[in-house]
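Architecture at a glance
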Amino acid sequence: MAERVDFYTTLNLTRSSTLTDVKRAYKRLALQKHPDMDKGSDTEFVAVGLAYHVLSSNKLRAQYDANELEFHNARALLVDSFDISRALEIFQGFFGTANPFATVTSGVNELFDAAEADRRPKPAAPIELSLSCTLGDLYNGVKKSVSVSKRRVASTGEVDPYTKTYVIAAQPYWIDGTTLVFEKEADDVTGDVVFTVKVEPHDTFTIKGFNLHMRHEIPLHKALTGAVLSIAMPDGRKLNLSVEEVIHPAFVKVVKGEGLLDKQAGRRGDVVIEFSVVFPTTLAPFQRDLCSAALCLDSQLLDETNLQRQLLQTALVLPPNLAETERKKVQDVVKLTVKRDEIPPPE
């Protein structure tokens, strides 16, 4: 080809075009100008092939960009000898076939897209971060704001750093290890952002599955006679709970539906309360007598007067410096109980 041509103009490109731009332009024009097409011609097809051959080579393109006239003089043999056979060779190497029209155009596009996909950079690894939450955050749906440093492709083609802020509302069904995936945007060259929920330790509760477990200290007289508990819940509520059962070492109180939300089951877990019974370190002799009397009362007497509870409560909470008059009252009650159990003398 004796005539000097502008390779960028041939492919409808500019000198700032990337290699991907060159390949896309060649794909479109080579199919349009192919001799087998109705509007194709050998001359135009050869010109497109030569332009692609030069601009797709880093070495040849650098020489051409440095001085177009000198390139044509130095590479006159290359330019002049570039004919239809050479253009078809490049076409076949690019598309994988000398005559893509014998199959279907979609097949050509698939070949090109597959090759293009192979040349694309592999997806970036995800950005993995920990999202710390308290039990109160989960119960109250507190919003957490997290800023992440990322990179994206600007309109100029340059890769610029930027900061993306994620505002995340805590959910009552999150547990330790729950993952939240935020997919990257189209122009983002960094990976997806993956948050892993870390539930902070709580002063009262430990988490087991969706249940909240706690241990409550209770004095012996309340363990035997009943108690009312006031439990501070993670959402700020006071849960008032009456325990009428005798609290023994293996006793567990379960409050249904006050735990974390099990989204899959569609219900909340439970609050599970275990107890530590606090025994008195010493008992005065009369306290021992009262306890013994209360715990050994006949069942009929218990049913009639419910005296056992009164006696036992009195015995365990009596102060050691009890006034003599008050002590006498307690002793009178014990005597009354014993007298009631005696067999009446015959008339």
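A brief report on the enclosed structure follows. (Residues numbered from 1 in each chain as written. Predicted model: local features only at pLDDT ≥ 70, side-chain atom pairs only at ≥ 80, totals over all residues. Heavy atoms only, no water.)

**Observations concerning the packing of helix 2 (residues 19–33) against helix 7 (residues 84–95)**
Filter applied, for reference: The axes used here are C-alpha line fits, helices contributing only the stretch in contact, and every angle between their N-to-C directions lies in the interval 0 to 180 degrees. Where helices and strands are cited, they refer to DSSP runs of H or I of at least four residues and of E of at least two residues respectively, numbered from the N terminus. Orientation categories follow fixed angle ranges, with anything under 35 degrees roughly parallel, anything over 145 roughly antiparallel, 65 to 115 roughly perpendicular, and all other angles oblique. A crossing counts as left-handed when the near helix is turned anticlockwise from the far one by less than a right angle, and as right-handed when that turn is clockwise. Here, residues are in contact when the closest pair of their heavy atoms is within 4.5 Å.
Their axes nearest at 12 Å, the elements helix 2 and helix 7 cross at an angle of 120 degrees. What the angle tells us is that helix 2 and helix 7 run oblique. For helix 2 against helix 7, the interelement crossing comes out left-handed. Taking contact as the criterion, the partners of Lys23, Tyr26, Lys27, Ala30 and Leu31 in helix 2 are, on helix 7, Ala87, Ile90, Phe91, Phe94 and Phe95.

**Describing the sheet that holds strand 10 (residues 252–255)**
Worth spelling out the cut-off: Two strands qualify as a pair provided DSSP detects at least 2 bridges between them.
Spatially, 6-7-13-10 is the arrangement adopted by the four strands of the open sheet, whose pairing is mixed. Pairing within the sheet leaves two strands with one partner each, and these edge strands are strand 6 (206–208) and strand 10. Within the sheet, the average angular offset between the axes of one strand and its neighbour, ignoring direction, is 35 degrees. With three bridges connecting them, strand 6 and strand 7 (residues 211–219) associate as antiparallel partners. When the sheet's bridge partners are listed, Ile207 is paired in strand 7 with Leu212.

**A few points about a nonpolar patch on the surface**
In plain terms, the rule: Patch membership requires over 30% relative accessible area and the absence of a salt bridge. Like charges are linked within 9 Å, and nonpolar side chains (Val, Leu, Ile, Met, Phe, Trp, Tyr) within 5 Å. Areas reported as accessible are Shrake-Rupley estimates using a 1.4 Å probe. Residue values count occlusion only from the protein chains shown. Think of a salt bridge as a Lys or Arg side-chain nitrogen and an Asp or Glu carboxyl oxygen that are within 4 Å of each other. Throughout this description, buried means an accessible area under 20% of the type-specific maximum (1.4 Å probe, protein chains only), exposed means over 50%, and partly exposed covers the range between.
Taken together, Val153, Val159 and Val189 make up a surface patch of nonpolar side chains, about 190 Å² in accessible area. Its location among the elements puts Val189 in the loop between strand 4 (179–182) and strand 5 (193–199). Val189 sits in the partly exposed class, given a relative accessible area of 31%.

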